[in-house]
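Understanding the architecture of this molecule
Take a look at the letters that make up each chain.
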Amino acid sequence: MFVQQLINGIILGSTYALIALGYTMVYGIIELINFAHGEIYMFGAFTGMILMTRFNLPFPAALLLAMVTAALMGVTVEYVAYRPLRRSPRLAALISAIGASIFLQNLALLLWGSRPQNFPSPFKIKVYQSSFFSISQLEIIILVISFLLMVGLSFFIKNTRTGKAMRATAQDRDTASLMGININRIITITFAIGSALGAAAGVLVGIYFRTVNPMMGVMPGLKGFVAAVLGGIGSIPGAMLGGLLLGIAEVAGVAYISSQYRDAIAFAILIIVLLFKPSGLVGLPDQEKV
Amino acid sequence: MAEQTILKATNICHSFGGLMALKDVDFKISSKEIVGLIGPNGAGKTTLFNLFTGHYCPTRGEIYFNNRKINGLKPYQITPQGIARTFQNIRIFSQMSVLDNVLIGQHCRTKTGLWGAIIRTSGSKREEARAYETALKMLHFVNLEEKKDEHASNLSYGEQRRLEIARALATDPTLLLLDEPAAGMNPQETSTLIKLIRQIRDEMNKTILLIEHDMKVVMSISERVAVLNYGRKIAEGTPQEVQNNDEVIKAYLGESA
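Residues numbered from 1 in each chain as written. Chains lettered and ligands numbered in written order. Predicted model: local features only at pLDDT ≥ 70, side-chain atom pairs only at ≥ 80, totals over all residues. Heavy atoms only, no water.

Considering the packing of aromatic side chains
The tally for this structure, following the rule as stated, stands at 8 aromatic pairs over all chains. The interplanar angle of 40° and the centroid separation of 5.8 Å between the aromatic rings of Y82 of chain A and F191 of chain A together place this pair among those described as tilted. Taken as a pair, Y82 of chain A in helix 3 (residues 59-82) and F191 of chain A in helix 8 (residues 183-209) lie far apart in primary sequence, 109 residues in all. When its relative accessible area of 3% is taken as the criterion, Y82 of chain A is described as buried. An aromatic cluster is defined as three or more aromatic residues linked by ring pairs; in this entry it consists of Y23, F35 and F225 of chain A. In this structure, R91 of chain B packs its charged tip against the face of F87 of chain B, placed 4.7 Å from the ring centre. (Phe/Tyr/Trp six-rings, centres within 6.5 Å; stacked < 30°, edge-to-face > 60°. Helix = DSSP H or I, 4+ residues; strand = E, 2+ residues; numbered from the N terminus. Buried < 20%, exposed > 50% of the residue type's maximum accessible area, 1.4 Å probe, protein only. Lys NZ or Arg CZ within 6 Å of the ring centre and 35° of its normal.)

What follows is the structure, given as structure tokens:
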């Protein structure tokens, strides 16, 4: 029973982690909470669903194309809603983010209506049983894809020239530009990668729960944000850890307390983290500048 | 020795709102010179640096670097042309290793993309090896080779200053701008710094422009000194000429002196 809950938690948590990465990367570079990120996730799920049902694309191609579409969308949102406010007070950009989020929700309502739509299942239901737990083929695929994406991102950030430039930009934008780094390009790349990961999470959740609707991004978006704060906003390993822990906590809460508290658990965690360790689990404590 | 002008600024004006920070400043620097830029606080020295590196765009006037106009270009476009700087208050990437700081400096001199990093083409391996070698050379030059794997924030103050210089050198500049390199250094660190600046010019063939308040430093290493006061250039010449200039003495000591 416990092992089973742990596995369910990790599956849910890996999708939170993918969403949290988008928040944390954007925050790391431009110190903005991109509240439209949940909607990017939703558009990713819809794109994947449409590509599979109307265009009959195989799942891997649909996933990849949904990620590319969402990347373009994320970059567009940055360009239209955030870039003109780059030098304004942070509150202005935050309000613009909420506006972008509402706009995208309504765009989806306009395009696809409010009725939930079915997400086709690309895989046959095949369940592996052991004495402690059971796991379906679909769940294994979700886990493998999310972990591959996270490992890929870590490699990119750590080892590539662009990844290094991203880390430098996160630490000090002005100085990074003196090293010959084009900051606007780095910001664009950050939004593209974050949005692609969010879309991947959307598609994975789509094939898992078999349904999509225009408001589906709201709750996972907020939970991805909580996961990012839990791990330490701005920290990439933190977002991964925060996502997994949040998933596990949520599933455990549902199993051992009550399923009615599902969403309350995430926000209780947010409040506790903000009260006792606002820098998050992995985040550096806020240094006071003298 | 035929000297070649590498940076030329003419009629530079820069205002912040109603405040004129720089008024009609003309400035020239020749290849392999060491020039000091001095002036009381608020004279506009750092503003001039910020104009040269593209942090600001001059309100009026033109800046030419190697006969190419650079005013209006962004820092990331100017750096590859060969201007590098350090800051008054140290700005290293403190959460990275010493080595990574210097490697980042070579960003604009390298080009390996994602695929190169994943499949590790021979070109990307060669480039990486070259970047590593250059970084070690720079660290050796500023005597920080042994600390290459340390977290940059663990370095002492003087070492951080030297790391910032190494990082600036890694961008392979022809002109190096140093903003108060000796600030906060003890006499021993200062004398090491003076030696280092000379070495950068003599061994690496760089041109150096420095802002400095420590007159011992400025007067001992500069071949030429320019003085700013209230945004105007009030004097320019050899250290001796400048030290005996009435306007300069007035600017520093006041009317009655």
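We are not done yet, so read on.
Concerning the environment of Q88 of chain B
Residues and elements named next belong to chain B. Following the sequence through the fold, Q88 ends up in the loop between strand 6 (83-85) and helix 3 (98-105). Judged by its relative accessible area of 35%, Q88 is partly exposed. Separated by 47 residues in sequence, Q88 and N41 place their C-alpha atoms 13 Å apart. Leaving out residues up to four positions away in the same chain, Q88 has contacts with T46, R161, D179 and E180. (Contact = heavy atoms within 4.5 Å.)

With respect to the confidence of the model for chain B
With 96% of its residues at a pLDDT of 70 or more, chain B shows a mean pLDDT of 88. Reported for the predicted complex are a pTM of 0.82 and an ipTM of 0.74. (pLDDT = per-residue confidence, 0-100.)

Focus: the sheet that holds strand 1 (residues 5-16) of chain B
Residues and elements named next belong to chain B. Spatially, 4 strands are ordered 2-1-4-5 in an open sheet, and the strand pairing comes out antiparallel. On the outer flanks of this sheet lie strand 2 (19-30) and strand 5 (68-69), each paired with one strand and no other. As paired elements, strand 1 and strand 2 share 8 bridges and run antiparallel to each other. From the neighbouring strand, F16 faces strand 2, where its bridge partner is L19. Sheet strands touched by helix 1 (residues 45-52): strand 1, strand 2 and strand 4 (60-65). Its angle to strand 1, the strand with the most contacts, is close to 115°. (Pairing = 2+ DSSP bridges. Axes fitted to C-alpha atoms, helices over the stretch in contact; angles between N-to-C directions.)

Quick word on the packing of helix 3 of chain B against helix 6 (residues 157-170) of chain B
Residues and elements named next belong to chain B. In contact at an axis separation of 7 Å, helix 3 and helix 6 are set at 30° when each is read in the N-to-C sense. With respect to helix 6, the axis of helix 3 lies roughly parallel. When you trace helix 3 past helix 6, the crossing you get is right-handed. Within the contact between the two elements, helix 3 uses V98, N101, V102 and G105 and helix 6 uses L163, A166, R167 and A170. Broken down by class, the residue content of the contact of helix 3 with helix 6 amounts to 5 nonpolar, 2 polar and 1 charged. (Parallel < 35°, antiparallel > 145°, perpendicular 65-115°, else oblique. Left-handed = near helix turned anticlockwise from the far one by under 90°. Nonpolar A, V, L, I, M, F, W, Y, C, P; charged D, E, K, R; others polar.)

Some remarks on unusual backbone geometry
Residues and elements named next belong to chain B. Positive phi values are uncommon outside glycine, yet E180 reaches one of about 50°. With respect to the helices and strands, E180 occurs in the loop between strand 7 (175-179) and helix 7 (187-204). Here E180 falls in the buried class, since its relative accessible area comes to 9%. Unlike most non-glycine residues, Y230 shows phi in positive territory, near 45°. Relative to the helices and strands, Y230 resides in the loop between strand 9 (224-229) and strand 10 (232-237).

Section: the sheet that holds strand 6 of chain B
Residues and elements named next belong to chain B. Strand order in the open sheet formed by 6 strands is 6-7-8-3-9-10, with mixed pairing between adjacent strands. Sheet topology places strand 6 and strand 10 at the edges, where each strand pairs with a single neighbour. Neighbouring strand axes in the sheet, compared pairwise and without regard to direction, differ in orientation by 20° on average. Of the pairings in the sheet, the one linking strand 9 to strand 10 comprises 5 bridges and is antiparallel in character. Bridge pairing in strand 10 links L228 to K233. Each of strand 3 (34-38), strand 7 and strand 8 (207-211) touches helix 7; the most contacted strand, strand 8, lies at about 155° to it. Contacts between helix 10 (residues 246-253) and the sheet are confined to strand 3, strand 9 and strand 10, with strand 10 contributing the most and set at about 125° to the helix.

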